[in-house]
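Summary of the model geometry
Residue strings, one per chain:
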Amino acid sequence: MEMAERSYEKFFRQHRLPHMWCPGCGNGIAMKAIVMAIEKHPELTADNTVIVSGIGCSSRASGYMDFDTLHTAHGRALPFATGIKMARPDLHVIVITGDGDCTAIGGNHFIHSCRRNIDLTAILFNNSIYGMTGGQTSPMTPMGKKATTTPYGSVARPLDPSALAKAAGATYVARSTAYHVHHLAKMIEQGLNNKGFSFIEAIVQCPTAYGRKNKMGTPADMLAWMRDNAVMKEAWDKLPEEKKQGEKFPIGVFLDSRYVDYATAYNDVIRAAGGEVK
Amino acid sequence: MKEARLMQGNEACAEGAIAAGVNFFAGYPITPSTEIAESMAKLLPKNGGKFIQMEDEIAAMGAILGASLAGSKVMDATSGPGFSLKQELIGYAACAEIPCVVVNVQRVGPSTGQPTAPSQGDVMQVRWGTHGDHPMIALSPWSVRETFDATIMAVNYAERFRTPVILLMDEIVGHLREKVVLPEDNEIVVYPRRKPKKTRAEGYQPFAPDEDLVPNTANFGDGYHIHVTGLIHDETGFPVGSPKVTEESIRRLHEKISRVGEEIIHTYEYFMEDAEYAVVSFGGTARTAYEAVRAARAEGKKVGLLRLMTVWPFADKAIARLAAKVKGIIVAELNYGQIIGEVERAAQGKCQVLLCAKYNMQTFEPPEIRAAIEKMINGGKKS
Amino acid sequence: MKSTITIKSERCKGCGICVAFCPKKVLGLSELGKVQVENGESCIACAQCELRCPDYAIFVDKKEGA
């Protein structure tokens, strides 16, 4: 029996596969979750959707996706995406970024994209490390974890971009993991529903630069760690504080609200100036 | 004819941008360029465009590049400190061939320097500020009306060559107010956004060069599914680690501009007919140089002025012709001495070259340049 | 056999995720480090392997009527 080609495969540039990520890297899983989510939105087509990424392992995803795609400079995906969305509000703009790209070099852009509530859906592939450059610490490296630039373990508290996104004005904030593929796709799908800034953190495994350094076992072991430590938001909220310690972390929708997006709000400026809203 | 208006250089830049079809501007406030952003914030929404103030200078560059890829004609304006920050994405625009205009209204540096006293200290940064090999086009207007025209020219060059173009202003011209009569709309020539000449089915490649070596890259949203990257790429747009492609790519970036030669190198001569000495200058300083030369002529001194409106690519040929003609060249620039290196290189020792530099927050006074002229003439007599 | 397992070997990098998450020990890695079906009869078509394959190299289809 011939296998039925998976429908999401149409969103991949087949001639670019296999991708360049290491064996067992979670980025491939997160990229699949994105196209699965796009499939649930028939209004998003290969012609009217733009994928924008920064620099880093995560950001190579754009090259494999059969849309108009933009692989920008380190940390700058969100400003480029903002320009695209302002110029063509009819286009759907999805941003793929990483923990270093989004929260270190691109941190200020992240805050202000949230603040403007610009209608973008940003997916952060969080592998806890700078993978492309060989395993340096990122702002999201957990305490105590080793990296080539924290050889004795990280002593700085990791950043929580979901909390930051909420505080800065994003209107949809969610988290999932590479283990929870369908859940991750659902989180992205719901993010695409929101006409405003949507932020989804996808926890992914980096077996090569992070897992190996921290003796986290095989790629499958790292996925199992996600399975064993992720707690659905609804259950997490009922946990007593002492149970929220250690490596446990919540996944799910942290915020789903509505507020006018920046490009729509700018129409008021156009009207006030006596211009014509297109 | 349009009515005469009293206009500031920065305002003329904004008016020129609108006339050239700029419909997206992203910026970040910085003196002495801010009036450009303020004018664009007023003008764009009236004229079918959009303005956005970004969180920093880098973000403003990113936003214009995104908007340009989505089909807009774009501009950003800044001054030295902001221009330093923009270098990263100016290089991106050069590599990924994204049309954009960046205005730098220069002030005294380095660093925060002297806000916001006039300077021409960024003239080499404009050429070499970003990393790697790339060409650069930079235009430096000397009057309010020329700022209007040069802005249109900058936008047109950006679109035609798909490259970043720098409008290199200085505080003198940016804050100068003059009576101007702007041209009628039908007198303004606007270079349209380049369009793909093939469909995807016909084998369209977004970075395949046309006959003029410039690619007809599709806009996002036009159904071509293009990939754009700041990595060195082949005509498909995808990165390749090939020495051959890298060499060809870097060469083409240069040759798409160098092949047109003098066409985009605009220089203007004043009092040059029988000149034995010449002042070379650009931007706001050229105004003072003009007055100094005019006064010297009134005293019978055979001196002229060559003004560089196009600062980059450098006017090698014009300088070489000049050096073959005159006994000496005085380079008047509002910095410690930058463009003089280019003049010396292009003059190839055919005549003396003397620097007339100033970097104390103040513009030149005509007697200062006249004194340099005198020094050159007297020095010449001695030798 | 309840399923048809399709492997796109050219995509497989041998990370072993599919092998580890298979509840019925259907899969293994070959000498060349690529996924292979070792015990197809045990497959229950749960598609856990397909779900988490980072390289889109393995696909499981339920057999009609199975």
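Shown above is the structure to which this text applies.
Anyway, here's the lowdown on the structure attached to this text. (Residues numbered from 1 in each chain as written. Chains lettered and ligands numbered in written order. Predicted model: local features only at pLDDT ≥ 70, side-chain atom pairs only at ≥ 80, totals over all residues.)

Some words on the overall build of chain C
Inclusion rule: By the criteria applied, helices consist of DSSP H or I runs no shorter than four residues and strands consist of E runs no shorter than two, each listed in order from the N terminus. Three exposure classes are used, all based on how many other C-beta atoms lie within 10 Å of a residue's own C-beta (placed from the backbone): buried at 20 or more, exposed at 12 or fewer, and partly exposed between those limits. Throughout, a residue-residue contact means that the two C-beta atoms, derived from backbone geometry, are no farther apart than 7 Å.
Scanning chain C for helices and strands turns up two helices and four strands. When the elements of chain C are put in sequence order from the N terminus, they spell out β-α-β-β-α-β. Overall, chain C is about 35 × 20 × 15 Å in size when its C-alpha atoms are taken along their principal axes. The burial tally for chain C puts 35% of its 66 residues in the buried class. Relative to all contacts within chain C whose residues are 6 or more apart in sequence, the contacts with residues 24 or more apart total 53%.

Here we look at the sheet that holds strand β7 (residues 172-177) of chain A
Stated precisely, the cut-off is as follows: DSSP calls a pair of strands paired once it identifies at least 2 bridges connecting them. With axes taken as lines fitted to C-alpha atoms, and helix axes fitted only over the stretch in contact, angles between N-to-C directions fall between 0 and 180 degrees.
As summarised here, the arrangement of the nine strands in space is β9(A)-β10(A)-β7(A)-β8(A)-β4(A)-β3(A)-β1(A)-β2(A)-β10(B), forming an open sheet in which the pairing is mixed. The strands lining the two open edges of the sheet, one partner per strand, are β9 (230-232) of chain A together with β10 (227-229) of chain B. Here the strands of the sheet are splayed against their neighbours by 20° on average, with no regard to which way each runs. Where strand β1 (residues 49-53) of chain A lies against strand β2 (residues 68-71) of chain A, four bridges are found, and the strand directions are parallel. Considered in β2 of chain A, the bridge of Val52 of chain A is made with Leu70 of chain A. Helix α1 (residues 27-39) of chain A contacts β1, β3 (92-98), β4 (121-126) and β8 (198-203) of chain A of the sheet and is inclined by roughly 160° relative to β4 of chain A.

Focus: the nonpolar core
To be explicit about the condition: Here, a nonpolar core denotes buried Ala, Val, Leu, Ile, Met, Phe, Trp, Tyr and Cys residues that are linked to one another through C-beta atoms within 7 Å. For the domain bounds, the source is a domain assignment made automatically or taken from a database.
Counting 221 residues, the largest nonpolar core has Ile84 of chain A together with Val279 and Ile329 of chain B as its most contacted members. Both domains that furnish three or more residues to this core are identified here as domain 1 (4-187) and domain 2 (266-382) of chain B. Apart from residues lying up to four places away in sequence, Ile329 of chain B is in contact with Ala278, Val280, Leu322, Ala323, Val343, Ala347, Cys351 and Val353 of chain B.

Observations regarding helix α4 (residues 80-96) of chain B
Within an α-helix, residues lying three or four positions from one another point in the same direction, as the helix has 3.6 residues per turn. All names here are of chain B. Quick reminder of the rule: Given the number of residues in a helix, its expected span is that number minus one, multiplied by 1.5 Å.
Between its first and last C-alpha, α4 extends 24 Å over 17 residues, near the 24 Å set by a 1.5 Å rise per residue. For α4, the tally of buried residues reaches twelve of 17 residues, placing the bulk of the element in the interior. Turning to α4, its buried residues are Gly80, Gly82, Phe83, Lys86, Glu88, Leu89, Ile90, Tyr92, Ala93, Ala94, Cys95 and Ala96.

Honestly, it's all geometry; don't read function into it.
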